[in-house]
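Tertiary structure, described
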Amino acid sequence: MRETNYVDETPINHRKDYGQFFTPVSVARLMTQWVMKDDPKTILDPAFGLGVFYDEVTKLKSGNQVLFTGYEIDNHILTYLNYNGSPNLQIENNDYLEAEVGSFDGIICNPPYMRFQRFLNRHDVLPKIEAKIGKKLVGYSNISSVFLVKSLSEINVNGNLAFIMPFEFFNTGYGKEIKKSLLFNHLLKQIIIFSNEKEIFSDATTTVCVLLCKNDGKDDDVKITVVKTNEEIDKISDITNFYQREIKPSDLPYNKKWTPLILALFSEQEPPKGFCKLSFYGTVTRGIATGANDYFALTKSKIKDWKLGDNNVCKCITKSSQIRQSIFSDDDFSSLYNADKPVHCLDVKDHKSQEIIEYINEGEKLGYHERYLTKTRNTWYKIENRKPAPILFGVFNRGRLKVIRNFTSSINFTCFHSFYPNEPGKPLINKLFVYLLSDIGQQIIKTNKRCYGNGLDKFEPGDLNDSLCPNQKQLEMIDYEAAESIIDIAKSDTKMAIRISNYLIERIMTAKQDTPLALSGGKHHCQLSLIAK
Ligand SMILES: C[S@@+](CC[C@H](N)C(=O)[O-])C[C@H]1O[C@@H](n2cnc3c(N)ncnc32)[C@H](O)[C@@H]1O
């Protein structure tokens, strides 16, 4: 409202003269998350404008404890503010670049963008800033970079800074010195890029990004976050843990253009020769969403207590922790079942049995039929009709992607994604598993992951369907017996199975096609082990 009034009533030339364009609330919220994360006591906004960052800070519970200082050179824009009675806000109607502001726990800013030539008192201001930071500001052609350089020198130890910058600054001469100081002082932690910028920054005239810095002296990898839509931004509850790529500071030389280096992280990698998508061999789909796992997942004792017959339950993996190895066999299933783990699922076929009626009534009494998912089904307790999948994928993974060869007749909940092979895929299922288990397969598939922070990677079914696999001819080069032997070994020694898989997959990637790859020794583990060394 305040912004609409201001824009409607202010000549465009006035806004241009002061470099006034406003941060969308969604982006201001993300930047505020970063600056507020370590409970700062003081925050500076060097280019206050209509105060979007102050507004976001005060929306947070801890925001009222913060002493917020805003600098704003334009007294016209200040007449649009109405912050009377905000004891924690101090607005200085001054030129930030000329001011001695002290230092702050947090700095948050969308600086004015304008060419340096338009910046009239540059001859007075620059020597002062140079004296303060102890560096010559040569070739700085945009005022936003001078704001950044000055602010970087005003952030307290362990303080956080969030700055909107033109993306082009990564590639320009004037950006070099800033990049150098961001890296040498280990300040830069995360870069946010907006892939559909016009939707998010509708009135921006330049491509923008957000830099998130922390003055902790730690040589952390730099996280790269790409956000696509306003809707996506609204869902981010912790920006620190929302990113797709990481890059070592040493892979970002300050004297090179950064845009191509950053964009290269997202470009499709050169596919290995001859590889095709996993979807050529079948489909990865989400596991069964029950809408009420507590009710649908059944243990041996619960089945017994409620006298639920075999025809009304089915075997089912209900938690990701139930499978720890890469092979899931009937013996593994029995161990879980006998340990009274919930490895069955309600699967009502005989609606008329008295016991089933009682269990359904109990579910209704407890309100399970009113859940978000259950109430949208025709019959609330009728789960999707699914077949057991021979390969399962972990949804959330730390380190390696969990790939499981399922030899049981268990179906699975959403803790795993299920791979259902098609006709060409069926006979190749063991060979595909060998590839997915190998380090090479894992590396290739992981290029499609989404990082959720703290080393947690998430895979959507679509990510896995699109991941690359050897083609049919390449897989045919692996001997059937060899694949079976690896599976045998994986039952007791996953590491060894991975090493042998690596050996086979490396060979099919380099071998001439049509040369069958067998493992001498067939199923004899000791000979296979020798090969893997
Ligand atoms: C890009 S706008 C950002 C406004 C607001 N913080 C936001 O994010 O929506 C930059 C603001 O800085 C002000 N400004 C320009 N030069 C300045 C200077 N040297 N010192 C302080 N404020 C300045 C402009 O008047 C404008 O309001």
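Keep in mind that what you see is a predicted model, and the values were worked out from it rather than measured. Each residue is numbered by its place in its chain's sequence as written, counting from 1. It should be noted that, the model being predicted, local features are given only for residues of pLDDT at least 70 and side-chain atom pairs only at 80 or more, the latter also being counted only at that level, while totals for whole chains, interfaces and linings use all residues. For side-chain calculations, the full set of non-hydrogen atoms in the structure is used, while hydrogens and water are omitted.

Remarks on the packing of helix α16 (residues 429-437) against helix α21 (residues 494-510)
The line we're drawing: Between N-to-C directions, angles span 0 to 180 degrees; the directions come from axes that are lines fitted to C-alpha atoms, helices contributing only their stretch in contact. To qualify as a helix, a DSSP run of H or I must reach at least 4 residues; to qualify as a strand, a run of E must reach at least 2; elements of each kind are numbered from the N terminus. With respect to orientation, any angle under 35 degrees is reported as roughly parallel, any angle over 145 as roughly antiparallel, any angle of 65 to 115 as roughly perpendicular, and every other angle as oblique. Contacts are residue-level and defined by heavy atoms, with any inter-residue pair within 4.5 Å sufficient. Residue polarity follows a fixed list, in which Ala, Val, Leu, Ile, Met, Phe, Trp, Tyr, Cys and Pro are nonpolar, Asp, Glu, Lys and Arg are charged, and the others, Gly among them, are polar.
Across the interface, α16 lies against α21 with an axial gap of 8 Å and an inter-helix angle of 105°. Of the possible angle classes, the one that applies to α16 and α21 is roughly perpendicular. For the pair α16 and α21, contact is made by V434, Y435 and L437 and by A497, I498, S501 and I505, respectively. Residues belonging to the contact of α16 with α21 are distributed by class as follows: 6 nonpolar, 1 polar and no charged.

A look at the sheet that holds strand β16 (residues 391-394)
We apply this condition: Here a strand pair is declared whenever DSSP counts at least two bridges between the two strands.
Strand order in the open sheet made by the 5 strands is β11-β20-β16-β18-β14, with mixed pairing throughout. The sheet terminates laterally at β11 (282-286) and β14 (327-328), the two strands that pair on one side only. Alignment of β16 against strand β18 (residues 403-406), held across 3 bridges, turns out to be antiparallel. Note on β18: the bridge partner recorded for L392 is I404. Strands in contact with α16 are β14, β16, β18 and β20 (416-421); relative to β18, the strand with the most contacts, it is inclined by about 155°.

Side note on the packing of aromatic side chains
Stated precisely, the cut-off is as follows: Geometry of aromatic contacts follows a simple scheme: Phe, Tyr and Trp rings, the Trp one being its six-membered ring, pair when their centres are within 6.5 Å, and the pair is stacked under 30 degrees between planes, edge-to-face over 60, tilted otherwise. Summary of the burial criterion: residues with accessible area below 20% of their type's maximum are buried, those above 50% are exposed, and those between are partly exposed, where the area comes from a 1.4 Å probe applied to protein chains only. A ring is considered to have a charge above it if a Lys NZ or an Arg CZ atom is located within 6 Å of its centre and within 35 degrees of its normal.
Enumeration over the complete set of coordinates arrives at 23 aromatic pairs. Seen in terms of ring centroids, F333 and Y337 are 6.4 Å apart; in terms of plane orientation they differ by 10°. Their pairing is stacked. Of this pair, F333 and Y337 are both found in helix α14 (residues 330-338), 4 residues apart, which corresponds to roughly one turn of the helix. Given the relative accessible area of 5%, F333 is considered buried. With centroids separated by 5.6 Å and ring planes inclined at 90°, the aromatic side chains of W380 and Y381 adopt a geometry described as edge-to-face. For R405, the ring lying beneath its charged end belongs to F407, and the centroid distance is 4.1 Å. One residue, K431, lies across the ring of Y480, its end atom 3.7 Å from the ring centre.

Describing the pattern of salt bridges
Short version of the rule: For this analysis, a salt bridge means a side-chain nitrogen from Lys or Arg found within 4 Å of a carboxyl oxygen belonging to Asp or Glu.
Inspection of every chain in the model, using the stated rule, returns 16 salt bridges. As a salt-bridge pair, E154 and K150 come within 2.8 Å of each other at their nearest N and O atoms. Between D466 and K277 there is a salt bridge; the shortest N-O distance is 3.8 Å. A residue pair is termed long-range when its members are at least 10 positions apart, and D466 in the loop between α18 (461-465) and β23 (468-469) and K277 in strand β10 (residues 276-277) qualify at 189 residues. In this structure K277 comes out as partly exposed when scored by relative accessible area, which is 41%. What you see here is one network of salt bridges that share partners, running through K37, D38 and K214.

Description of the sheet that holds strand β13 (residues 313-317)
Here we have 4 strands laid out as an open sheet, ordered β12-β15-β13-β19, and mixed in their pairing. Edge positions in the sheet fall to β12 (297-298) and β19 (411-412), since each has one partner strand and no second. Here β13 pairs with β19 via 2 bridges, running parallel. Along β19, the bridge assignment pairs C316 with I411.

Here we look at the environment of Y113
Looking at the secondary structure, you find Y113 in the loop between β4 (104-109) and α6 (122-133). The class for Y113 is buried, based on a relative accessible area of 15%. Along the backbone, Y113 and P166 are 53 residues apart, and their C-alpha atoms lie at a distance of 8.0 Å.

Digging into the nonpolar core
Quick note on the threshold: We define a nonpolar core as any set of buried Ala, Val, Leu, Ile, Met, Phe, Trp, Tyr and Cys residues linked to one another through side-chain atoms lying within 4.5 Å.
Grouped together as the largest cluster of nonpolar side chains are 46 residues, with contacts concentrated most on L148, F169, F170, L182, I191 and L211. The leading source of residues in this core is helix α7 (residues 143-152), at 6 residues. Those residues in contact with L211 that lie beyond four places of it in its chain are L148, L161, A162, F163, M165, F169, F170, L182, L188, Q190 and I191. Formed by 42 residues, the second largest nonpolar core is a distinct cluster that contains I391, I489, M496 and I498.

Side note on the side chain of R405
Rules: When charges are tallied, Lys and Arg are placed among the positive residues and Asp and Glu among the negative ones, while His and the ends of the chain are skipped. Polar contacts here mean pairs of N or O atoms no more than 3.5 Å apart (in protein, one a potential hydrogen donor and the other a potential acceptor; neighbouring residues in sequence count only if both atoms are side-chain atoms).
Looking at the secondary structure, you find R405 in strand β18. Within the buried set, R405 has no salt-bridge partner at all; the shortest N-O distance to an opposite charge, 8.4 Å, is to E484. A polar contact of 3.1 Å, which involves the side chain of R405, links it to the backbone oxygen of P390. Not counting chain neighbours up to four residues away, the residues in contact with R405 comprise S326, I327, F328, P390, I391, I429, N430, F433 and I487.

Quick look at helix α8 (residues 173-184)
Short version of the rule: To estimate how far a helix should reach, multiply one less than its number of residues by 1.5 Å.
Counted at 1.5 Å a residue, the expected span for α8 with its 12 residues is 16 Å, and the 17 Å between its end C-alpha atoms agrees. For α8, every residue scored as buried is listed here: Y174, G175, I178, K179, S181, L182 and L183. The inward-facing, buried residues of α8 contact α7, β5 (155-166), β6 (188-194), β7 (208-214) and α11 (258-264). Where α8 terminates, the next one or two residues include H186, which has phi positive at roughly 55°.

Digging into the site of the ligand
How we decide: Distances are taken per atom, and a residue is near a molecule or strand as soon as one of its heavy atoms is within 4 Å of it. Only the protein chains shown count as cover for residues, and the accessible areas themselves come from Shrake-Rupley with a 1.4 Å probe.
Q20, T23, A47, E72 and D95 are the nearest of the 25 residues found near the ligand. With the chains in place, 98% of the 590 Å² that the ligand exposes on its own is no longer accessible. Partitioned by chemical class, the residues of the shell around the ligand number 15 nonpolar, 6 polar and 4 charged.

By themselves, these are just geometric observations and shouldn't be taken as functional.
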